[in-house]
Each structure stands twice: as structure tokens, then as C-alpha cells.
Amino acid sequence: PIMHETEDDLTELQTILENIPAGVFVLDAKLRLTRANRQFERLFGIDAAKAYGATAEYFIADPLGSLMHLHAQQALHSPEPLQFEELLPLADGGYRAFATRKAALRNDKGAPSGVVAVAADITDRKRLEEELRGVNESLERRMAQRTEELNNTIAELERFTYTGAHDLRATL
């Protein structure tokens, strides 16, 4: 639907964008930065106003920058939004895992005019998944060990029962 936005509407949208806890950024059709929220700036340690016109490789060194650029190209030409899990370097020198949803922006003729991306930090979730995987593997090993111990006990009982029955028959 076509909306005739007032200045109040645009201010409201800007306030929403600035308060989303995920990094949000917009690229033009040449995949250059045209807009980013504060969270994006904070995560990557950049001033978006100074970085307008830059591509992903400006923010993130290769090979990750090239991979992000490729993901943006795929989203630009996709009829549907695309979801990626990306490991990205941060301004503090660390790395975090992000679930990044990228969608093509289209002009009034339906041609791709850019990409909007929302990057949500999933590092803690990925860490918990890895811990859970480790716990599951440990439980499986313990279960196999206990099963082997139980099978050995059963075999011992069977030998004892056989020996006991044999001895009883021999005395009769």
C-alpha cells in the first residue's frame, strides 16, 4: 500500500529503528551503505555518516567481508528475504555470531533498488547449543559404558546360574 508519510511518521520510524536491539542497515543497488542504526554503529565501531557509500569490505576484512557482500548480492536478486548465520568481527576485536535477515528493497517498478538487513546477535544461543551438544555426547558415552557394564553383569549372572545349575545336577 502507498503511504503518504508525514514528518511525524518518519520521526516515529527513525525512533523505532534507533531503538531496535539488532544492527539494522540499508545498502543501495550497488551494495553501498546508505543507512544504519546506532546498534550497527556500536557493534562495528563505525560512524555510519562517515561510512556512507562504503561496501561490506570496508567494515569487515576479507574473507568475511566478501562473504557478507555475496550474501547481500543474493538477497538483492531474491524474491524472498534470505536468512544467514554469519560470524562477524566486532569493534572490540572479538567475534560474535549473527542471524542476519536480508531482503531486497524494490522501486515502484519492482526492480531491486537495495537491501535491508537486520543482524541479531545469536552468540549466546550458539554457545548454549555447543554446550548442549557436549552434554549429549557425554551422556551417550556414559549410557554406552553403563550398557556395557550391565551386559557384562548379565553375562556373569548367566555363567553363575549355569554353573550353579550344573553343580546342582551333578550332586543329584
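Structure's up top.
Residues numbered from 1 in each chain as written. Predicted model: local features only at pLDDT ≥ 70, side-chain atom pairs only at ≥ 80, totals over all residues. Heavy atoms only, no water.

**Side note on the pairing of strand E2 (residues 33–36)**
Phase 1: Sheet analysis places strand E1 (residues 23–28) next to E2, joined by three bridges and oriented antiparallel. Across the sheet, the residue bridging to Phe25 is Ala36, located in E2.
Phase 2: Here E1 folds back onto E2 in antiparallel fashion, the turn holding four residues, of which Leu31 has a positive phi close to 65 degrees. (Pairing = 2+ DSSP bridges. Helix = DSSP H or I, 4+ residues; strand = E, 2+ residues; numbered from the N terminus.)

**Quick word on the side chain of Asn37**
Phase 1: Structurally, Asn37 can be placed in the loop between E2 and helix H2 (38–44).
Phase 2: Residue classification places Asn37 among the buried residues on the basis of a relative accessible area of 0%.
Phase 3: In this structure the side chain of Asn37 is engaged in a polar contact, spanning 2.9 Å, whose partner is the backbone oxygen of Ala22.
Phase 4: Contacts of Asn37, omitting those with residues within four sequence positions, involve Leu17, Glu18, Ile20, Ala22, Gly23 and Val24. (Buried < 20%, exposed > 50% of the residue type's maximum accessible area, 1.4 Å probe, protein only. Polar contact = N/O pair within 3.5 Å; in protein donor to acceptor, adjacent residues only side chain to side chain. Contact = heavy atoms within 4.5 Å.)

**Examining the pattern of salt bridges**
Phase 1: Tallied over the full model, the rule gives 11 salt bridges.
Phase 2: Close ionic contact of Arg125 with Glu85 constitutes a salt bridge, the shortest N to O distance being 3.2 Å. With Arg125 in helix H6 (residues 123–171) and Glu85 in strand E3 (residues 82–89), this pair connects stretches of sequence that are 40 residues apart.
Phase 3: With its nearest N and O atoms 2.8 Å apart, the salt bridge here joins Glu85 to Lys126. You can see Glu85 sitting in strand E3 and its partner Lys126 sitting in helix H6, a full 41 residues away along the chain.
Phase 4: Each of Glu85, Arg125, Lys126 and Glu129 takes part in salt bridges that share partners, so that together they form one network. (Salt bridge = Lys/Arg side-chain N within 4 Å of Asp/Glu carboxyl O.)

**Here's the deal with a nonpolar patch on the surface**
Phase 1: On the surface, Leu10, Leu13, Ile16 and Ile20 cluster together into a nonpolar patch covering about 330 Å² of accessible area.
Phase 2: Residue placement: Ile20 occurs in the loop between helix H1 (7–19) and E1.
Phase 3: Owing to a relative accessible area of 30%, Ile20 belongs among the partly exposed residues under this scheme. (Patch = residues over 30% accessible without salt bridge, like charges linked within 9 Å, V, L, I, M, F, W, Y side chains within 5 Å. Areas by Shrake-Rupley, 256 points an atom, 1.4 Å probe, with all protein chains shown as cover.)

**Some words on the pairing of strand E4 (residues 95–106)**
Phase 1: Bridge count for E3 against E4 is eight bridges, and the pairing is antiparallel. Looking across to E4, one finds that Pro89 is bridged to Tyr95.
Phase 2: Counting the residues between successive antiparallel strands, the hairpin from E3 to E4 contains five residues, one of them, Gly93, with a positive phi of roughly 95 degrees.
Phase 3: Note that E4 and strand E5 (residues 112–121) share nine bridges and pair antiparallel. The residue of E5 that forms the bridge with Ala103 is Val116.

**Focus: helix H5 (residues 64–76)**
Phase 1: For H5, which comprises 13 residues, the first-to-last C-alpha distance of 18 Å matches the rise-based estimate of 18 Å (1.5 Å per residue) to within 8%.
Phase 2: For H5, the complete set of buried residues consists of Gly65, Met68, His69, His71, Ala72, Ala75 and Leu76. Taken end-on, H5 shows its buried residues confined to a sector of 160 degrees, consistent with a single buried face.
Phase 3: Buried residues along H5 sit in contact with E1, helix H4 (56–59), E3, E4 and E5. (Expected span 1.5 Å × (residues − 1). Arc of directions from axis to C-beta.)

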